[in-house]
Amino acid sequence: MIRAIVTDIEGTTSDIRFVHNVLFPYARERLAAFVTAEQYKEPVSTILNNLRDEVAQPDASAAELIDVLFAFMDEDRKSTALKALQGIIWRDGYVNGDFTGHLYPDVLPQLEKWKAQGIDLYVYSSGSVAAQKLLFGYSDEGDITHLFSGYFDTLVGAKREVQSYRNIATQLGLPPSSILFLSDIHQELDAAEEAGFRTIQLIRGDDDAASHHHQVPSFSNIKPEQIPS
Ligand SMILES: CSCCC(=O)C(=O)COP(=O)(O)O
Ligand SMILES: [Mg+2]
């Protein structure tokens, strides 16, 4: 029996184009000025020190770290420091009404249905927990954060690492076999499956022929009650 559902965001609840064409450019345009202005203040000072540790450059200047962050953005590196900075910068965009967090239309009704069935809902994204709360707090459908019982980001581990899913199961206090993980990326689902999670792959665009996971086009095709124990 499925007791909890853990969902990815990009490509699962929300269009990858919203993340790559709206969120990422918004942060990229503001990142250098933001880091320069905030480098000695918290939380940016600590985030920059964490980045110095991450790249093993303890004496790197803010200007050098900005170059590192641009290289990370170019390769879509899921760096915890980059994700923390992006999340802080995105806050202004949400609060000012520059954009709302995209949700596929099938997502909210199904999350409400699962919650009403007694299934606890969680988010796991490489975006920081703060960024996740912003996307769902300022979503196309308004603030839907009341639906979620918790959020996980790269602090629990990388999404393609088996140990990350073991850590999530431990924190939820549930057997992995009672947790359903939803994602569009088969390497993430492979890791979750190896940890004992049940898995379903969202195919919002083209099929992923390399995947062996059960594939669905929409949340409305997911029936947790029909997944055998
Ligand atoms: C919280 S929305 C922004 C998501 C993000 O920054 C990202 O890199 C997407 O990573 P994911 O692991 O959700 O594919
Ligand atoms: Mg995804």
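Residues numbered from 1 in each chain as written. Chains lettered and ligands numbered in written order. Predicted model: local features only at pLDDT ≥ 70, side-chain atom pairs only at ≥ 80, totals over all residues. Heavy atoms only, no water.

A separate point is the nonpolar core. Most often, soluble globular proteins have nonpolar side chains that are buried together. Judged by nonpolar contacts, the single largest core of 55 residues is most densely connected at L111, W114, L182 and I222. With nine residues, the top contributor of residues to this core is helix α1 (residues 16-38). Looking at which domains feed residues into this core, each of domain 1 (4-15 + 101-226) and domain 2 (19-96) gives three or more. Sequence-distant contacts of I222, that is, excluding residues within four places in its chain, are made with Q110, W114, L180, L182, I200, L202 and V216. Counting 19 residues, the second-largest nonpolar core is a separate cluster that includes Y122, Y124, Y165 and F197. (Core = buried A, V, L, I, M, F, W, Y, C linked by side-chain atoms within 4.5 Å. Buried < 20%, exposed > 50% of the residue type's maximum accessible area, 1.4 Å probe, protein only. Helix = DSSP H or I, 4+ residues; strand = E, 2+ residues; numbered from the N terminus. Domains from an automatic or database assignment. Contact = heavy atoms within 4.5 Å.)

Lining the immediate surroundings of ligand 1 are 14 residues, of which K78, K83, S125, S126 and K159 lie closest. Taking K83, its side chain carries an N or O atom lying 2.7 Å from an oxygen atom of ligand 1. With respect to ligand 1, the side chain of S125 contributes an N or O atom lying 2.8 Å from an oxygen atom. For ligand 1, whose accessible area on its own is 400 Å², the fraction buried by protein is 98%. (Near = heavy atom within 4 Å. Polar contact = N/O pair within 3.5 Å; in protein donor to acceptor, adjacent residues only side chain to side chain. Areas by Shrake-Rupley, 256 points an atom, 1.4 Å probe, with all protein chains shown as cover.)

Looking now at the sheet that holds strand β2 (residues 120-124). What the six strands build is an open sheet, ordered β3-β2-β1-β4-β5-β6; its pairing is parallel. What marks the edges here is a single partner per strand, and that holds for β3 (148-152) and β6 (215-216). On the sheet, helix α5 (residues 107-116) packs against β1 (4-7), β2, β3 and β4 (179-183) and is oriented at approximately 135° with respect to β2. (Pairing = 2+ DSSP bridges. Axes fitted to C-alpha atoms, helices over the stretch in contact; angles between N-to-C directions.)

Domain annotation for the protein chain reports domain 1 (4-15 + 101-226) and domain 2 (19-96). Between domain 1 and domain 2, the residue contacts involve 12 residues of the former and 13 residues of the latter. Approximately 1100 Å² of surface area, both sides summed, lies buried where domain 1 meets domain 2, with 65% of it carried by carbon and sulfur atoms. Applying the counting rule to domain 1 against domain 2 returns zero salt bridges. Seen at the junction of domain 1 and domain 2, the total is three residue pairs in polar contact (both at pLDDT 80 or more). Tallied by class, the residues present in the side of domain 1 that touches domain 2 amount to five nonpolar, five polar and two charged. (Buried area = accessible area lost by both parts, 1.4 Å probe. Salt bridge = Lys/Arg side-chain N within 4 Å of Asp/Glu carboxyl O. Nonpolar A, V, L, I, M, F, W, Y, C, P; charged D, E, K, R; others polar.)

Once that is clear, we can look at the coordination of the magnesium ion (ligand 2). Distances from the magnesium ion (ligand 2) to its protein donors, D8 (OD), E10 (O) and D184 (OD), fall within 2.1 to 2.2 Å. Read in sequence order, the donor residues for the magnesium ion (ligand 2) give the motif D-x1-E-x173-D. Look at D8 and you get buried, because its relative accessible area is 3%. Given the relative accessible area of 18%, E10 is considered buried. (Donors = N, O, S within 2.8 Å, 3.2 Å for Na, K, Ca; no water.)

So, on to helix α4 (residues 80-95). An α-helix turns once every 3.6 residues. As a result, residues three or four positions apart point the same way. In this model α4 runs 23 Å from its N-terminal to its C-terminal C-alpha over 16 residues, within 8% of the 22 Å that 1.5 Å per residue would give. Restricting attention to buried positions, one finds in α4 the residues A81, L82, K83, L85, Q86, G87, I89, W90, G93 and Y94. Contact partners of the buried residues in α4: α1, α2 (44-54), α3 (62-74) and α6 (129-137). G97 lies just past α4 and shows a positive phi near 80°. (Expected span 1.5 Å × (residues − 1).)

Another point: the pattern of salt bridges. Considering all chains together, one arrives at nine salt bridges under this definition. The partner of D8 in a salt bridge is K159, and the shortest N-O contact between them spans 2.5 Å. With a gap of 151 residues between them, D8 in the loop between β1 and α1 and K159 in the loop between β3 and α7 (162-172) connect regions that are remote in the sequence. There is no split in this pair, since D8 and K159 are both buried. Between K41 and E38 there is a salt bridge whose closest N-O contact spans 3.6 Å. Exposure remark for K41: the relative accessible area of 46% places this residue in the partly exposed category. Residue E38 is classed as partly exposed on the basis of its relative accessible area of 22%. Linked through salt bridges whose partners overlap, the residues forming this network are D8, K159 and E188.

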